[in-house]
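The residues making up each chain are set out below.
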Amino acid sequence: MQFQPFDQSYLECLRAGDYRAQEHFGAYFGALIQIKLRSRLKSPQAIEDVRQETFARFFVALREGRILQPERLGSFVNSICNNVLLEHYREGARLDSLDDDEKPRDFPDKGTDLLSILATKETEKKVREILEQLSERDRRLLREVFLEERDKDEVCRDFGVDRDYLRVLLHRAKKSFKSLYLKDMRNNGPAFTLA
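Conventions adopted
Residues numbered from 1 in each chain as written. Predicted model: local features only at pLDDT ≥ 70, side-chain atom pairs only at ≥ 80, totals over all residues. Heavy atoms only, no water. Helix = DSSP H or I, 4+ residues; strand = E, 2+ residues; numbered from the N terminus. Buried < 20%, exposed > 50% of the residue type's maximum accessible area, 1.4 Å probe, protein only. Contact = heavy atoms within 4.5 Å. Areas by Shrake-Rupley, 256 points an atom, 1.4 Å probe, with all protein chains shown as cover. Salt bridge = Lys/Arg side-chain N within 4 Å of Asp/Glu carboxyl O. Axes fitted to C-alpha atoms, helices over the stretch in contact; angles between N-to-C directions. Parallel < 35°, antiparallel > 145°, perpendicular 65-115°, else oblique. Left-handed = near helix turned anticlockwise from the far one by under 90°. Nonpolar A, V, L, I, M, F, W, Y, C, P; charged D, E, K, R; others polar. Core = buried A, V, L, I, M, F, W, Y, C linked by side-chain atoms within 4.5 Å. Phe/Tyr/Trp six-rings, centres within 6.5 Å; stacked < 30°, edge-to-face > 60°. Expected span 1.5 Å × (residues − 1).

(A) Summary view of the overall build of the protein chain. Tallying secondary structure elements over the protein chain gives eight helices and zero strands in all. Scanning the protein chain from its N terminus toward the C terminus, one meets helices and strands in the order α-α-α-α-α-α-α-α. For the protein chain, buried positions account for 34% of its 195 residues. In the protein chain, of all internal contacts separated by at least 6 residues, the share reaching a separation of at least 24 is 59%. Per element, the accessible surface of the protein chain, about 12,400 Å² overall, is 49% carbon and sulfur.

(B) The arrangement of the pattern of salt bridges in detail. Scanning all chains against the criterion turns up 14 salt bridges. Its salt-bridge partner being Glu 12, residue Arg 15 comes within 2.5 Å of it at the nearest N-O pair. Of the two residues, Arg 15 and Glu 12 both sit in helix H1 (residues 8-15), three residues apart, roughly one turn of that helix. Relative accessible area serves as the criterion here: at 32%, Arg 15 is assigned to the partly exposed category. We note a salt bridge from Arg 167 to Asp 164, for which the minimum N-O separation is 2.3 Å. Within this pair, Arg 167 and its partner Asp 164 are both found in helix H8 (residues 163-188), separated by three residues, close to a single helical turn. We classify Arg 167 as exposed; its relative accessible area is 51%.

(C) The arrangement of the packing of helix H2 (residues 19-38) against helix H3 (residues 44-63) in detail. For the pair H2 and H3, the least separation of the axes is 10 Å and the interaxial angle reads 135°. By the criterion of interaxial angle, the relationship of H2 to H3 is oblique. The handedness of the crossing between H2 and H3 is right-handed. Mapping the contact onto sequence places Gln 22, Phe 25, Gly 26, Phe 29, Gly 30, Ile 33, Gln 34, Leu 37 and Arg 38 in H2 and Ile 47, Glu 48, Val 50, Arg 51, Thr 54, Phe 55, Phe 58 and Phe 59 in H3. Considering only residue class, the contact of H2 with H3 consists of nine nonpolar, five polar and three charged.

(D) Structural context of the nonpolar core. Phe 25, Phe 58, Leu 73 and Tyr 181 are the most contacted members of the largest nonpolar core, which has 37 residues in total. Those elements that provide at least two residues to this core are H1, H2, H3, helix H4 (73-97), helix H5 (114-133) and H8. The element that contributes the greatest number of residues to this core is H2, accounting for nine residues. Not counting residues up to four positions away in its chain, the partners in contact with Phe 58 are Leu 14, Phe 25, Ile 67, Leu 73, Phe 76, Val 77 and Ile 80. Core analysis: the next-biggest nonpolar cluster, separate from the first, contains nine residues, Val 145, Val 155, Cys 156 and Val 161 among them.

(E) Geometry of the packing of aromatic side chains. Summed over all chains, the structure comprises 12 aromatic pairs. Ring geometry for Phe 6 versus Tyr 10: centroids 5.1 Å apart, planes at 65°, classification edge-to-face. Under the relative-accessibility criterion, Phe 6 is labelled buried at 12%. A ring pair is formed by Phe 177 and Tyr 181, whose centres lie 6.1 Å apart and whose planes are at 20°; its orientation type is stacked. Taken together, the positions of Phe 177 and Tyr 181, both in helix H8 and four residues apart, correspond to about one turn of that helix.

(F) Examining H8 more closely. Compared with the 38 Å implied by 1.5 Å per residue over 26 residues, the 36 Å span of H8 between its first and last C-alpha is a close match. Those residues of H8 not exposed but buried are Leu 166, Leu 169, Leu 170, Ala 173, Phe 177, Lys 178, Tyr 181, Leu 182, Asp 184 and Met 185.

Here you go:
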């Protein structure tokens, strides 16, 4: 896979349906979203539903020209994911408040999607391997802010920095992660592929 920075050209490739750009987008953001959702949702089906809805909304926004800062693509995708996740929680709370007779009958799939579970585990393993290649500071920052979602004021206190400098540190850490991730993708291909 060839490296493309998150810029207007990258968005145009996605909008035009370029296979490589879409494959990169799906692999890169899919891995990050999977890790985020696995700590918040129990059901593999719920994780997949939120992931797919996040991607669907992203591509609607892309087609409608609502992505104004391509260099902030990660933040944009993350905010979409957060919104979808909140809607998922609200729907769950609404269903919990209904009597058993009023609840819709939703019969789970007979078999768990084994390939999806394997892909998730492989992707998580790959992300963890890449995190281990980062400096201790970058690794801690990314884990605490994105995986553990600690309060940023607490993180600032732990690192002895203000919010503005925390943004600089996070930007550098994400850039390092992205560079290593793309290098790995070029050398080894996606974390999981179907034969």
